[in-house]
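Analysis of the macromolecular model
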Amino acid sequence: MTTIVQMTTTTTVFAMVKGDPFALPEEEKPILDQLFKFRHSLQQLRKTSHGNVTVSEMNVKVSELHTIVASLQQLRLENVERDDVVMLSCNRVDNVLDSIWMQIFYMWSKIANMDENLYPTYVSLVTLARSAEALRQSGAWTPEDVAPLAERMRAMDETIAATEGKFLPESMVGDSTHSLGDKIPMGQAVLTSLLNRVHRTITFMNYENDAEVDDLLPLKEELQSILRQLQQYQTKGANMYELTPLSKRLHAIDSSRGPTGKFNHTESEYGSATIAGILNQCFECLNLLVAQFDPVLPETPLYPTYRALLEIHSDLSRVAGNTSLRADPFQLSEALVAIQERLDILEKQRVEGSFVPAGCNAVDAVKLPGQAMLHKLLHDVHALVMQIVDPVSMPVGEALMSTYELLLKQRTALRKMRGWCNAGWDVRKELKLVEEALNSVDATRVNGLFVGASGQVAENADFPVLSDFVDSSGVPDGQSSVSALADECDTLLWQVKAMLSSQKE
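Anyway, here's the lowdown on the structure attached to this text.

Basis of the calculations
- Residues numbered from 1 in each chain as written.
- Predicted model: local features only at pLDDT ≥ 70, side-chain atom pairs only at ≥ 80, totals over all residues.
- Heavy atoms only, no water.
- Helix = DSSP H or I, 4+ residues; strand = E, 2+ residues; numbered from the N terminus.
- Buried < 20%, exposed > 50% of the residue type's maximum accessible area, 1.4 Å probe, protein only.
- Contact = heavy atoms within 4.5 Å.
- Areas by Shrake-Rupley, 256 points an atom, 1.4 Å probe, with all protein chains shown as cover.
- Axes fitted to C-alpha atoms, helices over the stretch in contact; angles between N-to-C directions.
- Left-handed = near helix turned anticlockwise from the far one by under 90°.
- Lys, Arg positive; Asp, Glu negative; His and termini not counted.
- Salt bridge = Lys/Arg side-chain N within 4 Å of Asp/Glu carboxyl O.
- Patch = residues over 30% accessible without salt bridge, like charges linked within 9 Å, V, L, I, M, F, W, Y side chains within 5 Å.
- Charge placed at Lys NZ, Arg CZ, Asp CG, Glu CD.
- Phe/Tyr/Trp six-rings, centres within 6.5 Å; stacked < 30°, edge-to-face > 60°.
- Lys NZ or Arg CZ within 6 Å of the ring centre and 35° of its normal.
- Expected span 1.5 Å × (residues − 1).
- Core = buried A, V, L, I, M, F, W, Y, C linked by side-chain atoms within 4.5 Å.
- Disulfide = S-S within 2.5 Å.
- Parallel < 35°, antiparallel > 145°, perpendicular 65-115°, else oblique.

Take the overall build of the protein next. The secondary structure content of the protein amounts to 18 helices and 6 strands. In the protein, which comprises 505 residues, the proportion classed as buried is 48%. Taking as baseline every contact in the protein between residues at least 6 positions apart, the subset at least 24 positions apart corresponds to 81%. Carbon and sulfur atoms provide 54% of the accessible area of the protein, an area that totals close to 25,300 Å².

Below is the structure:
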């Protein structure tokens, strides 16, 4: 398989200011800083992906580097006629650039050595590996969270077993691997390594779910009982008299966690992640139930937003139930884009987690009746989007990985603050830092899309890939996953601010 990417290196003109053999021209220093930052981002990509990247991700990085190199070329061509500049064979900028190109070629090597007919399998395994690792790093999961990943792996294991342990494209399935000989597609070692890594991560999480820690078993059984009760209330309904004691108990459990998030002050390595996952499920069910007691009435300021969200929810429900539409990626994309544009308009009304209608300030908006119902409805909308696009098949790409990891940290911090608020602590200082982080994430949206730290949607037109690989549209992968996580953070932020507001009263 041959993958060709058009890349532009620097010119052979190198500059140095007269009088100082070690000094760079002043105008090249900003470019050197950009290259340092780019090299660091490339190293982070290698670290987080374990060297397993996709074509679209590499195109994004090469496109970003092309912009820097083009600026450097233009600058040096302009300096050719200057009298205060001496032409040399090399300088520090070029040394850094050489090290970057070496890393890029190394990362391309895994893809270049992959048979293009196996590339879809490679992307699927990369997606599974990243999804499993993100769940493990969250520190909170349940068997229900791990089950979709495990099911995907079982299906892949069965496929490999049917081909005598080899990864084969559909066109070769049915042929004996002995008869294939040297025709076995390239990339077997990389795919096997990825497969084993996903298995190890899933095995670790399953072991955590199955662990029976004596000190934590009563708490685990209690939370499972509360979760079952809340799920029953979701079916038959409940009143505040029934929900209040459950709410108090959940908040008490949450506030009793140690500084490291451990329950019952246990030092056991296992058990806490599963309990944290069940506790989060309980809070989610509880918040959805409580929302019904905070209705959005027609005469309230939030009613127009409520009606707009209801229409979006209705449209998404129709898309979710249309199997023929979901089977066509292009028609599905067109349908979702139109809905996403309407959803973006509504999400712009949120300030620090609260919906702020026209003519109202953010401080007063927190106490407006209907906020809980709007958060529930927005949660349902994002859940429908995730159901439609299937986040296990839609990975968070490298361009958004830092944004995704930042949101994961803020979610963890907000969950801790929720427990601290229950214990009566003043978390305003910590909350301000989280607000700043969430605002910085929101600032990376362009036309409703998250674009990551680069601040722009990547343009890949300058780097066409001459192969059969599916190329990226230039929109960073993982929009639905990042949007859902950002929504969860905003909801938690609103809850903590509401708790702090009630402390004042």
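Moving on, there is more to tell.
All right, on to the packing of helix α9 (residues 240-255) against helix α10 (residues 272-291) then. Put simply, α9 and α10 touch, their axes get as near as 11 Å, and they point 145° apart. Relative to α10, α9 is oriented so that their crossing is left-handed. Within the contact between the two elements, α9 uses L243, S247, L250, H251, I253 and D254 and α10 uses L279, C282, F283, L286, L289 and V290.

Right, let's get into the side chain of R197. Residue placement: R197 occurs in helix α7 (residues 188-210). We note that R197 is buried and unpaired, the nearest opposite charge coming from E133 at a distance of 5.8 Å. Dropping the residues within four chain positions of it, R197 is found in contact with S49, H50, N52 and A129.

This paragraph deals with a negative patch on the surface. Negative charge collects at one region of the surface, where D210, E212, D214, D215 and E221 lie side by side. Position of D210 relative to the elements: it lies in helix α7.

Our next topic: the pattern of salt bridges. All told, the structure shown has 10 salt bridges when counted by the stated rule. A salt bridge links E133 to R136, with the nearest nitrogen and oxygen atoms 2.6 Å apart. One end of the pair is E133 and the other is R136, both in helix α4 (residues 119-138) and 3 residues apart, which spans about a single turn. A residue is classified by how much of its surface remains accessible, and R136, at 31% relative accessible area, is partly exposed. For R342, the salt bridge is made with D315, and the minimal N-O distance between the two is 2.8 Å. With R342 in helix α13 (residues 329-347) and D315 in helix α11 (residues 303-321), this residue pair connects regions lying 27 residues apart in the sequence. Here R342 falls in the partly exposed class, since its relative accessible area comes to 32%. One continuous salt-bridge network, built from bridges that share partners, spans D315, R318 and R342.

Mapped onto the fold, V123 is located in helix α4. The class for V123 is partly exposed, based on a relative accessible area of 24%. C-alpha of V123 to C-alpha of V53: the two residues are 70 residues apart in sequence and 8.4 Å apart in space.

Another point: the packing of aromatic side chains. Scanning all chains against the criterion turns up 4 aromatic pairs. Centroid distance W420 to W425: 5.7 Å. Interplanar angle 25°. Geometry classified as stacked. For R418, the ring lying beneath its charged end belongs to F283, and the centroid distance is 3.7 Å.

With that settled, the discussion passes to helix α1 (residues 29-49). Helical geometry note: an α-helix holds 3.6 residues per turn, so side chains three or four residues apart project in the same direction. Between its first and last C-alpha atoms α1 spans 30 Å; for 21 residues at 1.5 Å apiece the expected length is 30 Å, and the two agree. All of the buried residues in α1 are I31, L32, L35, F38, S41, L42, L45 and S49. Following α1 by one or two positions, H50 has its phi on the positive side, about 55°.

Attention now moves to the nonpolar core. L35, L65, I100, I104, I111 and Y122 are the most contacted members of the largest nonpolar core, which totals 51 residues. Among the elements of the structure, α1, α2 (55-79), α3 (92-112), α4, α5 (143-162) and α7 are those that each provide at least two residues to this core. Ranked by the residues each element gives to this core, the list is headed by α3, at 9 residues. Counting residues in each nonpolar core, the second largest holds 26 residues, with I312, L316, V356 and L377 among its members.

The next thing to look at is α11. Counted at 1.5 Å a residue, the expected span for α11 with its 19 residues is 27 Å, and the 27 Å between its end C-alpha atoms agrees. Every buried residue of α11 is listed here: T305, Y306, L309, I312, D315, L316, V319 and A320.

This part covers the state of the cysteines. Tallying each qualifying case throughout the model produces 0 disulfides. You can see C282 has no disulfide; the closest cysteine sulfur is in C285, sitting 6.9 Å from it.

Looking now at the packing of helix α8 (residues 217-236) against α10. Orientation of α8 relative to α10, taken along the N-to-C sense of each, is 25°, at an axis distance of 9 Å. Viewed along their axes, α8 and α10 adopt a mutual orientation that is roughly parallel. Handedness of the crossing formed by α8 with α10: left-handed. Contacts from L219, K220, L223, Q224, I226, L227, L230, Q231, Y233 and Q234 of α8 reach α10 at T274, I275, I278, L279, Q281, C282, C285, L286, L288 and L289.

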